[in-house]
Amino acid sequence: AQRVTQPEKLLSVFKGAPVELKCNYSYSGSPELFWYVQYSRQRLQLLLRHISRESIKGFTADLNKGETSFHLKKPFAQEEDSAMYYCALGSGGSYIPTFGRGTSLIVHP
Amino acid sequence: EAGVAQSPRYKIIEKRQSVAFWCNPISGHATLYWYQQILGQGPKLLIQFQNNGVVDDSQLPKDRFSAERLKGVDSTLKIQPAKLEDSAVYLCASSQGPHTYEQYFGPGTRLTVT
């Protein structure tokens, strides 16, 4: 069975500090990993996916198959990064993501 | 382009009552999804439509939940009768086709069952 674990419910940092939102997954096949974000009073949206290997809004995430992790990182957090972040796993061609429980990121001024 | 629309935004009902949610996807999107998001959890797929046909309803509690997309555009999700554990946000999403993770989510309907 596939599973996504986000160990932190809440992550609180100050503006300018580095951020790392942790995500671990369990899946026996070849995974696709994603990060979704939901800003306050806005809709859930796709932030980035591992196969794109791109930086979105300063965020990057690297798939580590050895550690089965896909942590989301940003070197300098901004107040506008405050949001709920969900890690998600796609598998087997179903194109239906399995979501983690989410981590609330709060960036203090 | 207009996003996915959902109504109502909030609904409070008593257990054993019935409730229906409506979703209008982005124009031209053939695939429509209903997700249930219980507080403190990530969204979980309930049902996926491709045009007016069901692709996946394996996680839909069919004894009380039903959904339809009769004309391949709008969709309705119904719960009858509701239980306390149905309290959640119900998210509708749409995509151009079934073979993509590029899903566009609606604002959700927050259901409280008392």
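Every value quoted in this text rests on a predicted model; they were computed, and no experiment measured them.

Student: Quick question: what am I supposed to make of the overall build of chain A here?
Tutor: Along chain A, the regular secondary structure elements total zero helices and 11 strands. Sequence-ordered secondary structure for chain A, helices as α and strands as β, is β-β-β-β-β-β-β-β-β-β-β. Radius of gyration (C-alpha) of chain A: 13 Å, near the 13 Å computed for a compact globule of 109 residues. Principal axes of the C-alpha set define a box for chain A whose edges measure 40 × 30 × 25 Å. Across the 109 residues that make up chain A, the buried fraction comes to 41%. Residue pairs at least 24 apart in sequence account for 59% of intrachain contacts in chain A once pairs closer than 6 positions are excluded. Taken as a whole, chain A presents about 5,600 Å² of accessible surface, with 49% of it coming from carbon and sulfur. On chain A, the mean spot of the 13 positive side-chain charges and the mean spot of the 9 negative ones are 6 Å from each other.

Student: Would you mind showing me how to read the sheet that holds strand β3 (residues 19-24) of chain B here?
Tutor: Backbone hydrogen bonds are what pair the strands of a sheet, in a parallel or an antiparallel way. Residues and elements named next belong to chain B. The strand order across the open sheet formed by four strands is β1-β3-β8-β7, and the pairing between neighbours is antiparallel. The sheet terminates laterally at β1 (5-7) and β7 (65-68), the two strands that pair on one side only. With strand direction ignored, the average angle separating the axes of adjacent strands in the sheet is 15°. In the sheet, β7 pairs with strand β8 (residues 75-79) via four bridges, with the strands oriented antiparallel. Note on β8: the bridge partner recorded for F65 is I79.

Student: Just to check I follow, could you spell out the sheet that holds strand β7 (residues 60-61) of chain A for this structure?
Tutor: The strand order across the open sheet formed by three strands is β3-β8-β7 (chain A), and the pairing between neighbours is antiparallel. Both edges of this open sheet fall to β3 (19-21) and β7 of chain A, since each of them pairs with a single strand only.

The rules behind the values
Residues numbered from 1 in each chain as written. Chains lettered and ligands numbered in written order. Predicted model: local features only at pLDDT ≥ 70, side-chain atom pairs only at ≥ 80, totals over all residues. Heavy atoms only, no water. Helix = DSSP H or I, 4+ residues; strand = E, 2+ residues; numbered from the N terminus. Rg over C-alpha atoms; globule rule 2.2 N^0.38 Å. Buried < 20%, exposed > 50% of the residue type's maximum accessible area, 1.4 Å probe, protein only. Contact = heavy atoms within 4.5 Å. Areas by Shrake-Rupley, 256 points an atom, 1.4 Å probe, with all protein chains shown as cover. Lys, Arg positive; Asp, Glu negative; His and termini not counted. Charge placed at Lys NZ, Arg CZ, Asp CG, Glu CD. Pairing = 2+ DSSP bridges. Axes fitted to C-alpha atoms, helices over the stretch in contact; angles between N-to-C directions.

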